[in-house]
Amino acid sequence: MMGIYIFIFFAYLFGPLIIMSITAFNSAEFPSITPWECFSFRWFNEGKIAYDGQHLAGLLSDWRLHDGIISSLIIGAGVVTLSVPIGMAAAIVLTQVRSQLRDIYYSISIMPVLFPGVIIGISTVVLWDRIAGLGGEGFIADIGRNGIFLTILAQTCFISTYCFLIFVARLQRFDQTQEEAALDLGASQTQVFFKILVPYLSPAIASAAVIAFLFSFENYNTTVFSILSDQTLTTVIASKVRLGISPALSALALTIIALTIIAAVTYEVLRRKAEKRYAESQEKFVKEKAADNRINKKYKAGFKIPKGITAILLIVVFATYGATQIVKNDLYGQSCIDAADKEKKSKFLEQLQTLESNELTDEELSGGSLGGNQDYGDIFGDPSLFQDFGGFD
Amino acid sequence: MSADVELSDVSVTFGSFYAAKNVNVKVNGGEFFSFLGPSGCGKTTLLRAISGFQEPSEGKVLIDNKDMSGIGPNKRPTALIFQNLALFPLMSVSENIAFSLEVRGVSKEERKKRADELLELIALEGQGDKKVHQLSGGQKQRVAIARALAVEPKVLLLDEPLSALDLKLRQRMRTELREIQKRVNITFIYITHDQGEALTMSDRIAVMNEGELEQIGKCDEVYNNPLTPFVATFVGENNPLYGKVTGIEGDKARIETADGQYLATMNESKKLNIGDESIAFVRPESLFIPRDGDNFDNKIDVNIESFEFEGNLKNFYASLKSGAKIKFSVPNAIDTSSITSGSSIVLGFESSKSVILPKASLAID
């Protein structure tokens, strides 16, 4: 029963992501699973030149997306370099403030998180527009109207608060007598900071940097105002979605998901390795201390079936089924795409012909049934249309 | 190299609260000196004033006859061993020990050499690469001492460093501390609430209560001739006998209590007059069960209430006629099978083993 709940939960969580990922491989112009056109990587590559001449960009050929990613990366780096030190400094100040001031200071520090991002974005633009207006032409005017610069500032406003909270959590467990001990041993305040506090905070610095970057990368509602004429990844995607979604976005999503999973798995593997190394050193230490041979006995772990096996099996079954269906119906490869395109093109031509045949003649257009001096009763080409009309009672 | 430490009229206030009040004490160079007192008596505040973490509100701290006011903890020739040791968990043992050299810009080889020397001093050779958490409690203790000694301070300050250890280890560390002090020959100032620690290790002790010094002296002097009722009851155990002075006989005074008259020795600096409210003190180990031929100055009738076996001693709790309680101890070697709960016996004690002091508050257990 528990298993079913968990399955439903994860299906709810990951279902949309899985569906979206599959649509990235369908060659159709709109992201869909059914009807399945062809299995293809075109949305990861150059996309498609449509039969009407329109270019539907794929992931590799979409320069707007590339520009967006680059400015997102620049902004992310900027936000990390600003908000991590700001958050750390604010958290350190909190450890020094005693009395009632502490609560007030804490409340003010976390306030930016509570503001709507839209307001932070707009107010940054308004402020810097005024500042840019002060200096006439020149550096200040340039920087005050630079979307990337403004976005870094606007995002830093609230992202530094998340960093602050991470540092506060870590500092709460800091033993301040360590600082005193270092001072007592002759260290200057600067040395205490770099030799005691920073090494202690380094895990928090790392996680604050990662979180700041992720928050910055995915932010939309502040960025959309402060970015001005530039584009970030999120604003590019948003403007694309406004024009209709393309499977290229599914391809992008899948790429991001894949990168995330790779990063998470790498981190976990490294962490487990480090843990194992630590456990081994501990074991060695214990063995050195204990002469008792019983500890030195090796226990061999039996093979265990991992608990997630059903979920993995389920995915494998579905994937195999899908793959065999695709192969059986020959729904893959260039030939399939060519065939599909040809079919669509012929349909398109057919429709064009139908339209042409139905096209009104010049005479009809100029003098014709739609204009002229005819009675309005004849407007639909049928004089007897309103004859039996009895009114709206 | 050791240095004198002098506290001259030192007061430390937090708001209107006096953590230390007009403390005057001079610790001689090379001495093992202890501040003894209950928690909250201001002894840690004094230590922080000496080490520079706390500026005195009034008075001066002099180290080597130099006024230390305005000089930060990192510029004083003192090293402090914290109650929780405050070892740096992210550094190895050697790095911990050589930290004070590192911040002074000493080269890596020098640091290693000095760390190895100190590891040898604390009998932890070859363990410098271990992390701090891999050490046992006593080893950590010794690393903290080595770290403090690395720059050869003139004064070593110790803030109850043994309080977290178990009894056996604590006893061994006492001896070790004393040995290290003799070897390095610097001034040790030790803070503790454990009178056993203070008495076994120190050359001299200062007993503190509520921010003020009650008595300074050699260990046996403080134990045998307490200056105040607080010292009498805080250092070791003591039975108080309340009453009024009825007669003076040389350096002794006679006290009239609800349970009878006793003769006790007066302190030279606390002379009493007839009629003064006073307390006579007698220690549990100075109360004896008289055998035939024994003739004690004082006799006291008691009613045994309960009994407690401590190992080397047997403790008896008894009540007097007036209801006052009294405790006495008998070495385990003595047969006490005849003394049972409810039995009435007579105890005796010598006037030379009893002190009489003007009435004042006792140390609360």
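Here we take up the overall build of chain B. From N to C terminus, chain B includes nine helices and 19 strands. Out of the 365 residues in chain B, the part that is buried amounts to 52%. Pairs at least 24 residues apart make up 66% of the contacts formed inside chain B by residues separated by at least 6 positions. The averaged location of the 50 negative side-chain charges in chain B is 4 Å from the averaged location of its 43 positive side-chain charges.

In this section: the sheet that holds strand 8 (residues 187–192) of chain B. Residues and elements named next belong to chain B. Here we have six strands laid out as an open sheet, ordered 6-7-8-3-9-10, and mixed in their pairing. Strand pairing shows two members of the sheet lacking a second neighbour, strand 6 (78–81) and strand 10 (212–218), which therefore form its edges. Averaged over all pairs of adjacent strands, the angle between strand axes in this sheet comes to 15°, irrespective of strand direction. In this sheet, strand 10 lies alongside strand 9 (residues 204–209) in antiparallel orientation, the contact comprising six bridges. From the neighbouring strand, R204 faces strand 10, where its bridge partner is K218. Against the sheet, helix 6 (residues 167–184) contacts strand 3 (32–36), strand 7 (155–159) and strand 8, and its axis sits at roughly 160° relative to strand 8.

Side-chain pairs of opposite charge can arise whenever the charged atoms involved come near each other. Summed over all chains, the structure comprises 22 salt bridges over all chains. Between A:R145 and A:D129 there is a salt bridge, with the nearest N and O atoms lying 3.4 Å from each other. Taken together, the residues A:R145 in the loop between helix 5 (139–144) and helix 6 (147–172) and A:D129 in helix 4 (residues 117–134) connect sequence positions 16 residues apart. For A:D129, a relative accessible area of 34% gives the class partly exposed. For B:D194, the salt bridge is made with B:R174, and the minimal N-O distance between the two is 3.9 Å.

Fine structural detail should not be taken from predicted coordinates in areas where pLDDT scores are low. All names here are of chain B. This prediction gives chain B a mean pLDDT of 88; 99% of its residues lie at or above 70. The weakest mean pLDDT in chain B belongs to helix 6 at 85; the strongest belongs to strand 3 at 93. In the predicted complex, the global pTM is 0.75; the interface-specific ipTM is 0.80.

Bringing the packing of helix 4 of chain A against helix 6 of chain A into the picture now. All names here are of chain A. Axis separation between helix 4 and helix 6 bottoms out at 9 Å; the angle between their running directions is 130°. Between helix 4 and helix 6, the interaxial angle falls into the category oblique. Viewed along their axes, helix 4 and helix 6 form a crossing whose handedness is right-handed. Here I120, T124, V125 and W128 of helix 4 come into contact with helix 6, specifically with F149, L150, L153, A154, C157 and F158. The class makeup of the residues in the contact of helix 4 with helix 6 is nine nonpolar, one polar and no charged.

A separate point is the layout of surface pockets. All names here are of chain A. In this structure, the largest pocket occupies an estimated 1,600 Å³ of space. Around the largest pocket sit 35 residues that line it, and I18, I22, L314, I315 and F318 are the ones nearest its centre. When residues of the lining of the largest pocket are traced back to their parent elements, those giving at least two are helix 1 (2–23), helix 11 (247–289) and helix 13 (309–328). With twelve residues, helix 1 is the single largest residue contributor to the lining of the largest pocket. Taken together, the residues of the lining of the largest pocket sort by class into 26 nonpolar, nine polar and no charged. Put simply, the second largest pocket is a space of about 700 Å³. Residue assignment for the lining of the second largest pocket shows that the elements contributing at least two residues are helix 2 (63–96), helix 8 (189–218), helix 10 (233–242) and helix 11. With seven residues, the top contributor of residues to the lining of the second largest pocket is helix 11. Each residue belonging to the lining of the second largest pocket can be placed in one class, and the counts come to 14 nonpolar, four polar and one charged.

Procedures and definitions
- Residues numbered from 1 in each chain as written.
- Chains lettered and ligands numbered in written order.
- Predicted model: local features only at pLDDT ≥ 70, side-chain atom pairs only at ≥ 80, totals over all residues.
- Heavy atoms only, no water.
- Helix = DSSP H or I, 4+ residues; strand = E, 2+ residues; numbered from the N terminus.
- Buried < 20%, exposed > 50% of the residue type's maximum accessible area, 1.4 Å probe, protein only.
- Contact = heavy atoms within 4.5 Å.
- Lys, Arg positive; Asp, Glu negative; His and termini not counted.
- Charge placed at Lys NZ, Arg CZ, Asp CG, Glu CD.
- Pairing = 2+ DSSP bridges.
- Axes fitted to C-alpha atoms, helices over the stretch in contact; angles between N-to-C directions.
- Salt bridge = Lys/Arg side-chain N within 4 Å of Asp/Glu carboxyl O.
- pLDDT = per-residue confidence, 0-100.
- Parallel < 35°, antiparallel > 145°, perpendicular 65-115°, else oblique.
- Left-handed = near helix turned anticlockwise from the far one by under 90°.
- Nonpolar A, V, L, I, M, F, W, Y, C, P; charged D, E, K, R; others polar.
- 1 Å grid on protein atoms, 1.4 Å probe; cavity = no way out; pocket = protein on both sides within 12 Å on 5 of 7 lines; lining within 4 Å.
- Points joined across faces, edges and corners; volume = space filled by probe spheres on them.

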